[in-house]
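# Remarks on the overall topology
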Amino acid sequence: MKISELASATDVGVPTLKYYLREGVLHAGEVRSRTQASYDDSHVERVRLVRALTGVGGLSIAAVRRVLDVIEAPDVGPTDVMAAAAASLYEPELEPEPEVPEVRPSPRGATGEPRRGAQRGASKVDGSAARELVDDLGWHIYPDDPALAALDEAWSACSDAGIGLDADRMRRYAASMHGVAETDVSSVPDDPAGAVRQVVLGTVLVDPVLLSLRRLAQQDVAVRAGAISPPPTA
């Protein structure tokens, strides 16, 4: 098919398809002449994957290119594909935010007692609070996984807000999430492109599902504990 037909088949404009070709996220078609190339179903599938990753997945073209590089690498395993896809969700900012003066809170509260978040959420030479947690749990986590920094930041923010996420509570949360992860991983297909779609889009789309289930479960637990009135029966 011509590029105009590829545009019709994917509902993506020709200028966007040419942009994908220039950026290397869409492989070149078979050259027919100096001005024409032929495209096939593999191009249709690739365009749909790129659109899904940039649209629903919210990835930049640079992040999509990194993921596709892993897919196209020889002898790539499903674990490598999953790792690349998951890491793409934590891509760094393209431009650093301008530095502004920051007034940091004292590491001691009004009572003179050390703030819980001052030490637990702070990075240390020998590791972070998140790193300590996953090590205590015996999880196999790469040292440079960006999720560790994200967890540290979120955990520290909870401590700063006075929400007590002690180690025991975090372990219980982690145990529940490990069960969710087992369900996630068991559903990942073997083919690389399908694995990327499942990991990236599945994470983006399923996260709100998990959040809604958590809130519904909180309501049920509260009702069973007598903390709130049960819902009216029909």
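Each chain has its residues counted from 1, following the order in which its sequence is written. Thresholds applied to this predicted model are a pLDDT of at least 70 for local features of residues and 80 or more for the giving and counting of side-chain atom pairs; totals over whole chains, interfaces and linings are not thresholded and use all residues. The basis for every side-chain value is the complete set of non-hydrogen atoms in the structure, without hydrogens or water.

### Comments concerning the overall build of the chain
Quick reminder of the rule: Note on conventions: DSSP H or I runs of at least 4 residues are helices, E runs of at least 2 residues are strands, and numbering of each starts at the N terminus. Categorising residues by exposure relies on relative accessible area from a 1.4 Å probe, with only protein chains included: less than 20% of the type maximum marks a residue as buried, more than 50% marks it as exposed, and the intermediate range marks it as partly exposed. We call two residues contacting when some pair of their heavy atoms lies within 4.5 Å. Shrake-Rupley sampling with a 1.4 Å probe provides the accessible areas, and residues are treated as covered by the protein chains on show and by no other component.
Counting its secondary structure elements, the chain contains 10 helices and two strands. In sequence order, the secondary structure elements of the chain are arranged as α-α-β-β-α-α-α-α-α-α-α-α. The buried share among the 234 residues of the chain stands at 24%. Partitioning the intrachain contacts of the chain with sequence separation of at least 6 by distance along the chain shows that 52% fall at a separation of at least 24. When the accessible surface of the chain is split by element, carbon and sulfur atoms take 55% of a total near 15900 Å².

### Quick word on the packing of helix 7 (residues 129-137) against helix 9 (residues 167-186)
Using the following cut-off: Working convention: axes come from line fits to C-alpha atoms, limited for helices to the stretch in contact. Angles between N-to-C directions cover 0 to 180 degrees. Each crossing is labelled by how the near helix is turned from the far one, with a counterclockwise turn of less than a right angle marking it left-handed and a clockwise turn marking it right-handed. Classification convention: Asp, Glu, Lys, Arg as charged; Ala, Val, Leu, Ile, Met, Phe, Trp, Tyr, Cys, Pro as nonpolar; all other residues, Gly among them, as polar.
Across the interface, helix 7 lies against helix 9 with an axial gap of 11 Å and an inter-helix angle of 65°. Crossing hand, helix 7 versus helix 9: right-handed. In this structure, helix 7 uses Leu133, Asp136 and Leu137 to contact helix 9, whose residues at the interface are Met170, Arg171 and Ala174. Of the residues belonging to the contact of helix 7 with helix 9, the class tally is four nonpolar, no polar and two charged.

### Quick look at the pattern of salt bridges
Put simply, the test is: Salt bridges, as used here, are contacts in which a Lys or Arg side-chain nitrogen is within 4 Å of a carboxyl oxygen on Asp or Glu.
Across all of its chains, the model carries six salt bridges by this definition. For arginine 172, the salt bridge identified is with aspartate 168, shortest N-O distance 3.5 Å. Here the residue arginine 172 and the residue aspartate 168 both occupy positions in helix 9, the gap between them amounting to four residues, near one helical turn. A salt bridge links aspartate 220 to arginine 224, with the nearest nitrogen and oxygen atoms 2.7 Å apart. Residue aspartate 220 and its partner arginine 224 are located together in helix 10 (residues 192-224), separated by four residues, close to a single helical turn. On the basis of relative accessibility, which here comes to 36%, the residue aspartate 220 falls in the partly exposed class. Among the residues examined, arginine 224 registers a relative accessible area of 69% and is labelled exposed.

### With respect to helix 1 (residues 3-10)
For an α-helix, the turn length of 3.6 residues means that residues three or four places apart are oriented alike. Inclusion rule: This arc describes the spread of directions from the helix axis toward the C-beta atoms.
Looking at helix 1, one finds that the buried residues are Leu6, Ala7 and Thr10. Buried residues in helix 1, looked at end-on, bunch into an arc of 105°, giving them a common side. Where helix 1 is buried, its residues touch helix 2 (14-23) and helix 3 (41-54). Following helix 1 by one or two positions, aspartate 11 has its phi on the positive side, about 60°.

### Section: the nonpolar core
Nonpolar side chains in soluble globular proteins generally cluster together in the buried interior. Note the following rule: Take the buried residues of types Ala, Val, Leu, Ile, Met, Phe, Trp, Tyr and Cys, join any two whose side-chain atoms come within 4.5 Å, and each joined set is a nonpolar core.
Membership of the largest hydrophobic core comes to 29 residues, with the highest contact counts inside it found for Leu17, Tyr20 and Val196. Every element with two or more residues in this core is listed here: helix 1, helix 2, helix 3, helix 4 (61-72), helix 5 (78-88) and helix 10. Among the nonpolar cores identified, the runner-up in size contains five residues, and Ala129, Leu133, Trp155 and Met170 belong to it.

### Comments concerning a nonpolar patch on the surface
Convention followed: The patch calculation keeps residues exceeding 30% relative accessible area without a salt bridge and links them within 9 Å when they carry like charges or within 5 Å when they are nonpolar (Val, Leu, Ile, Met, Phe, Trp, Tyr).
A contiguous nonpolar surface patch, about 530 Å² in accessible area, is contributed by Val56, Leu205, Val206, Val209, Leu213 and Leu216. Relative to the helices and strands, valine 206 resides in helix 10.

### A look at the confidence of the model for the chain
Stated formally: A residue's pLDDT is the confidence the predictor assigns to it, expressed on a 0 to 100 scale.
Taken over all residues, the pLDDT of the chain has a mean of 81, while the share at 70 or more is 83%. Per-residue pLDDT, averaged within each element of the chain, yields its smallest value for helix 6 (residues 116-120) (37) and its largest for helix 2 (96). Note on residues 93-126: pLDDT is under 50 here. Beyond four places in sequence and across chains, it has 27 contacts.

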